[in-house]
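# Residue-level structure breakdown
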Amino acid sequence: MRLDRLATLYVAQPLHLGKKPAVPILMYHSVADDPQSAMHPYFRTTVSPKVFAAQMAYLHREGYVTRNPHEVGQGTSPEKSVVITFDDGFFDFYQHAAPVLKQYGFTATVYLPTAFIGNTRKNFKSQGCLTWNEVRELKTAGFQFGSHTVSHPQLHDLDWPAIEEELRESKGTIEQELGSAADSFAYPFAFPETDAEFKGKLREALNCVGYRSGVCTTIGRAVRGSDPFFLRRLPVNSNDDPQLFAAKLNGAYDWLAVPQYWAKRAKKWRAKP
């Protein structure tokens, strides 16, 4: 049973929670036939090619237009905008996602952990990643690429020189390989939104290195006045049936940001000596 689904469809949606104007930023990882059956449906990060195709067909049918994170961060996206993002740079984006996106004239931003993107196929999380030739081919087809750090560490656990190196080196590698700016960033792992000091220093570091926008794992949609470096996203996987997928797009899932925040606060308090 998915409590988040029940609360979204039968409480938040009837009460019209989350109806203010906002842009949904969809967070995908892998598009593959991997049921991830050992994981609770809420935490799964894989969407099957069949479900992904159905979700893109829904966006097209409902008149959505894809935008990039910069447009959202600057508050320039009109109604019926959606941002489609992919973390981790898996090869199955090339195999299963890109052809469907091109079919509907959609674009997407793919965030690359550059240590796992090579001239030959490398593996990350036991999955094959894109090669640089494939990345260049996708860029020519209209897809955007941003940084997901070099080695995909939990940045909150690193010292600041190491964090800045992750930000700078990944950006520089992508720009060198593609010959164009890589100025959007995706925070790896759970975003430490309760640590205001860390967020402030990270925002400053991202700005100094030359990033213009960023996305994180905090649940919700991007609203006017959202921090352009930490735009909220909506996680999507194969267990999102059409009703839940539509509810996420229209804002009924945004309520989950509150318990998510307080769960992180509680974890932080428990970790104190």
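Here, the structure is the one placed above.
Predicted model only: the values in this text are computed from it and were never measured.

Helix and strand counts for the protein chain come out as nine helices and twelve strands. Its C-alpha radius of gyration of 18 Å places the protein chain within 12% of the 19 Å reference for a compact globule of 273 residues. For the protein chain, the spread of C-alpha atoms along the principal axes amounts to about 50 × 50 × 40 Å. Taking all 273 residues of the protein chain together, the buried fraction comes to 51%. Taking as baseline every contact in the protein chain between residues at least 6 positions apart, the subset at least 24 positions apart corresponds to 69%.

This next bit is on the layout of surface pockets. Considering only enclosed or pocket space, the largest pocket measures out at about 790 Å³ in volume. Elements that contribute at least two residues to the lining of the largest pocket include exactly β11 (213-219) and α9 (257-271). Broken down by element, the lining of the largest pocket gets its largest block of residues, four residues, from α9.

A separate point is the pairing of β11. Taking burial as the measure, the seven residues of β11 include seven buried ones, the bulk of the element. Inspection of the sheet shows strand β10 (residues 184-186) paired to β11 by three bridges, in the parallel sense. Within β11, the residue paired with Ala 186 across the bridge is Val 215. On the question of chirality, the crossover connecting β10 to the parallel β11 by way of helix α7 (residues 196-209) is right-handed.

Summed over the entire model, instances satisfying the criterion amount to zero disulfides. There is no disulfide at Cys 208, and the cysteine sulfur nearest it, in Cys 216, is 20 Å away. Residue classification places Cys 208 among the exposed positions, given a relative accessible area of 61%. For Cys 216, a relative accessible area of 1% corresponds to the buried category.

Taken N-terminus to C-terminus, the directions of helix α2 (residues 49-61) and helix α4 (residues 92-103) make an angle of 20 degrees; their axes are 10 Å apart at the nearest point. Our classification of the angle between α2 and α4 gives roughly parallel. For the element pair α2 and α4, the recorded crossing hand is right-handed. Listed contacts from α4 to Pro 49, Phe 52, Ala 53 and Met 56 of α2 are His 96, Ala 97, Val 100 and Leu 101. Its residues assigned to classes, the contact of α2 with α4 comprises seven nonpolar, one polar and no charged.

On to α4, then. Here α4 is twelve residues long and its end C-alpha atoms lie 16 Å apart, about the 16 Å a rise of 1.5 Å per residue gives. Taken as a whole, α4 has its buried residues at Asp 92, Phe 93, Ala 97, Ala 98, Val 100 and Leu 101. The buried residues of α4 occupy an angular sector of 165 degrees when the element is viewed end-on, so they sit on one face. In this structure, the buried residues of α4 make contact with β2 (30-31), α2, β5 (81-87), β6 (109-112), β8 (127-128) and α5 (132-140). Just past α4, the residue Gly 105 takes up positive phi, approximately 70 degrees.

Another point: the packing of α4 against α5. Between α4 and α5, the shortest axis-to-axis distance is 11 Å and the interhelical angle comes to 15 degrees. For the element pair α4 / α5, the angle class is roughly parallel. Crossing geometry of α4 relative to α5 is assigned as left-handed. Facing α4, whose interface residues are Phe 93, Tyr 94 and Ala 98, α5 presents Glu 134, Glu 137 and Leu 138. The class makeup of the residues in the contact of α4 with α5 is four nonpolar, no polar and two charged.

Right, let's talk about the packing of aromatic side chains for a bit. Tallied over the entire structure, the rule returns 17 aromatic pairs. When the ring of Tyr 28 is compared with that of Phe 52, the centres are 5.2 Å apart and the planes differ by 85 degrees; the resulting orientation is edge-to-face. Here the residue Tyr 28 occupies a position in strand β1 (residues 25-28), and Phe 52 occupies one in helix α2, the gap between them amounting to 24 residues. For Tyr 28, a relative accessible area of 0% puts it in the buried group. Given the relative accessible area of 0%, Phe 52 is considered buried. Arranged with centres 6.3 Å apart and planes meeting at 25 degrees, the rings of Phe 90 and Phe 124 form a pair that is stacked. One end of the pair, Phe 90, is in the loop between β5 and α4; the other, Phe 124, is in strand β7 (residues 123-124), with 34 residues separating them in the sequence. Owing to a relative accessible area of 3%, Phe 90 belongs among the buried residues under this scheme.

To continue, consider the pairing of β1. Judged by which residues are buried, β1 turns out to be covered on both faces: Ile 25 and Met 27 on one side and Leu 26 and Tyr 28 on the other are all buried. Two strands pair when backbone bridges link them, and β1 and β5 are joined in this way by four bridges, in the parallel orientation. What sits directly across from Ile 25, in β5, is Val 83. Across two bridges, β1 lies against strand β12 (residues 231-235) in parallel orientation.

Parameters at a glance
- Residues numbered from 1 in each chain as written.
- Predicted model: local features only at pLDDT ≥ 70, side-chain atom pairs only at ≥ 80, totals over all residues.
- Heavy atoms only, no water.
- Helix = DSSP H or I, 4+ residues; strand = E, 2+ residues; numbered from the N terminus.
- Rg over C-alpha atoms; globule rule 2.2 N^0.38 Å.
- Buried < 20%, exposed > 50% of the residue type's maximum accessible area, 1.4 Å probe, protein only.
- Contact = heavy atoms within 4.5 Å.
- 1 Å grid on protein atoms, 1.4 Å probe; cavity = no way out; pocket = protein on both sides within 12 Å on 5 of 7 lines; lining within 4 Å.
- Points joined across faces, edges and corners; volume = space filled by probe spheres on them.
- Pairing = 2+ DSSP bridges.
- Right-handed = clockwise from strand over helix to strand, strands pointing away.
- Disulfide = S-S within 2.5 Å.
- Axes fitted to C-alpha atoms, helices over the stretch in contact; angles between N-to-C directions.
- Parallel < 35°, antiparallel > 145°, perpendicular 65-115°, else oblique.
- Left-handed = near helix turned anticlockwise from the far one by under 90°.
- Nonpolar A, V, L, I, M, F, W, Y, C, P; charged D, E, K, R; others polar.
- Expected span 1.5 Å × (residues − 1).
- Arc of directions from axis to C-beta.
- Phe/Tyr/Trp six-rings, centres within 6.5 Å; stacked < 30°, edge-to-face > 60°.

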